[in-house]
Amino acid sequence: MEKINFKFFDQNSEDPLGKIKDFESIEDMNRYELNELSKAFLKKYFPDVSLNQWNDWKWQLKNSITSYSELSNFLDLEDEELSNNLNIPLRITPYYLSLIIGKNKGHLRKTAIPSIFETLESFGEEEDPLAEDNSSPVPGIVHRYPDRVLFLVTTFCSTYCRYCTRSRLLSEEKTIDSDKNKWDAALEYIRNNSNIRDVLISGGDPLTLSNQNLEYLLSKIRHIEHVEIIRIGTKVPAVLPQRVDAELANMLSKYHPLFMSLHFSHPDELTPESARACETLANAGIPLGSQTVLLKGVNDEIDTMKKLMHKLLMARVKPYYLYQCDPIPGSSHFRTLVEKGLEIMSGLRGHTSGYAIPSFVIDAPGGGGKIPLLPKYLQDKDENYIYLKNYRGKIYRYPNKEEK
């Protein structure tokens, strides 16, 4: 039998791309159980829990941290982090908390643990900045672009991101989870609009649904003749990689062409477990792209962003979008100036391979859709040439004259 090499990261390596480990078979791969941070966390906080339990995604959900009293059992809350008397939804899987505690650098901590700054509303912030509710003809469907729709199938996530565009859905407890009547109404809308060729299943996080419910949705969409592409948006590989197993991958592989948009924010999220989850999906023939939100104090340095993009590529994930953070209420401590994003793009272009460079976009407030931004490479033009600035800041000219 031909040897198959599976490559994963040792996150304790000093190598910025991670030390690569090779596995000769899927069985060998599955025996690689936990990263070192999770091992230490499990031993300290869950000494009576078996590896099989820890690796069970349903155990992870059942034992997620959902209150500040629970959270205080694992770490000391800092002054700006919220106490019990402030009612902001909180959910963190034990796996993801093990990374937060183990790294103790504040990067992942800031993305998952609520802060007093979330209660401060600043200039330009809105509950629904992308006007998704105004573009929703039926519950669960956002139809902004002519040929594609966003299908919100759940409002549940395994870990709540503090900067989430749809945090309003959590606070209002709106949900259509596992409600086939509401799903069917949304599916009927797609079925009756023949211009829709692309359906993005999102939420919440669709991969928190059971295989049965997820397959129900996929099979119904795939049987709509005019739908060419199905996409799934998820952060599960980063925060709940135990969810991605052979059973899920085999089920998903029946519904090609199927794409998946993953959400990674920082290199510390690329553990052996998350990389293995990505490999499992990629081996099922699913093209993977990552959507990263630019976050102040988390990933707003060129070296951090470059390291993240490199690790994604090594896990067979193409960096797809770098998003300017959406102006939801209480997000000012996460949002950088747009110039910071352009600076990062300049620091990537020419300094790493093109595959490692995402598109920097703003999802325009008011429902304007995604608008790409680029550093100013086109400097000038005359009747004969355009003048271009390269990644080193040098000017070059290109002939731009139409012959008559």
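Conventions used here
Residues numbered from 1 in each chain as written. Predicted model: local features only at pLDDT ≥ 70, side-chain atom pairs only at ≥ 80, totals over all residues. Heavy atoms only, no water. Salt bridge = Lys/Arg side-chain N within 4 Å of Asp/Glu carboxyl O. Helix = DSSP H or I, 4+ residues; strand = E, 2+ residues; numbered from the N terminus. Buried < 20%, exposed > 50% of the residue type's maximum accessible area, 1.4 Å probe, protein only. Polar contact = N/O pair within 3.5 Å; in protein donor to acceptor, adjacent residues only side chain to side chain. Contact = heavy atoms within 4.5 Å. Phe/Tyr/Trp six-rings, centres within 6.5 Å; stacked < 30°, edge-to-face > 60°. Lys NZ or Arg CZ within 6 Å of the ring centre and 35° of its normal. Pairing = 2+ DSSP bridges. Axes fitted to C-alpha atoms, helices over the stretch in contact; angles between N-to-C directions. Parallel < 35°, antiparallel > 145°, perpendicular 65-115°, else oblique. Left-handed = near helix turned anticlockwise from the far one by under 90°. Nonpolar A, V, L, I, M, F, W, Y, C, P; charged D, E, K, R; others polar. Expected span 1.5 Å × (residues − 1). Core = buried A, V, L, I, M, F, W, Y, C linked by side-chain atoms within 4.5 Å.

(A) Spotlight on the pattern of salt bridges. In the structure shown here, the tally under the stated rule is 12 salt bridges. Its salt-bridge partner being Arg162, residue Glu118 comes within 2.9 Å of it at the nearest N-O pair. On the criterion of sequence distance, the pair formed by Glu118 in the loop between helix H7 (107-112) and strand S3 (141-142) and Arg162 in the loop between strand S4 (148-152) and helix H8 (167-172) is long-range, its members being 44 residues apart. Residue Glu118 shares its accessibility class with Arg162, and that shared class is buried. The partner of Arg148 in a salt bridge is Asp147, and the shortest N-O contact between them spans 2.5 Å. Residue class for Arg148 comes out partly exposed when judged on its relative accessible area of 26%. Salt bridges sharing common partners tie together Asp147, Arg148, Arg197 and Glu228.

(B) Representation of the side chain of Thr234 in the model. Structurally, Thr234 can be placed in strand S6 (residues 229-234). There is a polar contact of 2.9 Å between the side chain of Thr234 and the backbone nitrogen of Val236. Residues within four places of Thr234 in sequence aside, it is in contact with Asp205, Leu207, Met260, Ser261, Leu262 and His263.

(C) The arrangement of unusual backbone geometry in detail. Cis rather than trans, the peptide bond between Gly203 and Gly204 has omega equal to 25°. Mapped onto the elements, Gly204 comes out in the loop between strand S5 (198-202) and helix H10 (211-222). Omega for the peptide link from His256 to Pro257 comes to 0°, which places this bond in the cis form. One can find Pro257 in the loop between helix H12 (246-252) and strand S7 (258-262). You will see that Arg316, though not glycine, has its phi angle at about 70°, which is positive. In this fold, Arg316 is placed in the loop between helix H14 (302-314) and strand S9 (318-324).

(D) Molecular detail of the packing of aromatic side chains. What the rule picks out here adds up to 14 aromatic pairs. One cation-aromatic arrangement involves Arg148 over Tyr145; the distance from NZ or CZ to the ring centre is 4.1 Å.

(E) Up close: the sheet that holds S6. Taken together, 9 strands build an open sheet; the order of strands is S3-S4-S5-S6-S7-S8-S9-S10-S11 and the sheet is mixed. Strand pairing shows two members of the sheet lacking a second neighbour, S3 and strand S11 (369-373), which therefore form its edges. Across 3 bridges, S9 lies against strand S10 (residues 359-364) in parallel orientation. Considered in S10, the bridge of Tyr321 is made with Ser359. The sheet strands contacting helix H9 (residues 180-191) are S3, S4 and S5, and the helix crosses S4 at an angle near 175°. Packed on one face of the sheet, helix H15 (residues 338-348) meets strand S8 (288-294), S9, S10 and S11 and runs near 160° to S10.

(F) Just the packing of H14 against H15, in detail. Axis separation between H14 and H15 bottoms out at 9 Å; the angle between their running directions is 60°. When the axis of H14 is compared with that of H15, the two are oblique. Seen from above, H14 lies across H15 with right-handed handedness. Packed against H14, whose contacting residues are Ile302, Met305 and Lys306, the element H15 presents Glu343, Ile344, Gly347 and Leu348 at the interface. Class assignment for the residues of the contact of H14 with H15 results in 4 nonpolar, 1 polar and 2 charged.

(G) Broad picture of H10. Between its first and last C-alpha, H10 extends 16 Å over 12 residues, near the 16 Å set by a 1.5 Å rise per residue. Of all the positions in H10, only Asn211, Asn213, Leu214, Tyr216, Leu217, Leu218, Ser219 and Ile221 are classed as buried. On its buried face, H10 sits against S4, H9, S5, S6, H12 and S7.

(H) Expanded view of the environment of Tyr189. As for its placement among the helices and strands, Tyr189 is situated in helix H9. Separated by 51 residues in sequence, Tyr189 and Val138 place their C-alpha atoms 7.5 Å apart. Once residues within four sequence positions are removed from consideration, Tyr189 is found in contact with Pro137, Val138, Ile141, His143, Val149 and Ile196. Within polar-contact distance, the side chain of Tyr189 engages the side chain of His143 at 2.7 Å.

(I) Fine view of the nonpolar core. Core analysis: the biggest nonpolar cluster contains 86 residues, and Phe151, Leu218 and Leu252 have the highest contact counts within it. Core analysis: the second largest hydrophobic core is formed by 10 residues, Cys161, Tyr163, Val293 and Phe334 among them.

(J) Seen up close, the packing of H9 against H10. Following both chains from N to C, one finds H9 and H10 inclined at 20°, their axes separated by 11 Å at the closest point. It follows that H9 is roughly parallel to H10 by the angle criterion. For the pair H9 and H10, the crossing hand works out as right-handed. Contacts between H9 and H10 involve Lys180, Trp183, Asp184 and Leu187 on the former and, on the latter, Asn213, Tyr216, Leu217, Lys220 and Ile221. Partitioning the contact of H9 with H10 into residue classes produces 5 nonpolar, 1 polar and 3 charged.

(K) Spatial organisation of the environment of Asn250. Its location among the elements puts Asn250 in helix H12. Residue classification places Asn250 among the exposed positions, given a relative accessible area of 51%. With 31 residues separating them along the chain, Asn250 and Leu281 place their C-alpha atoms 9.0 Å apart.

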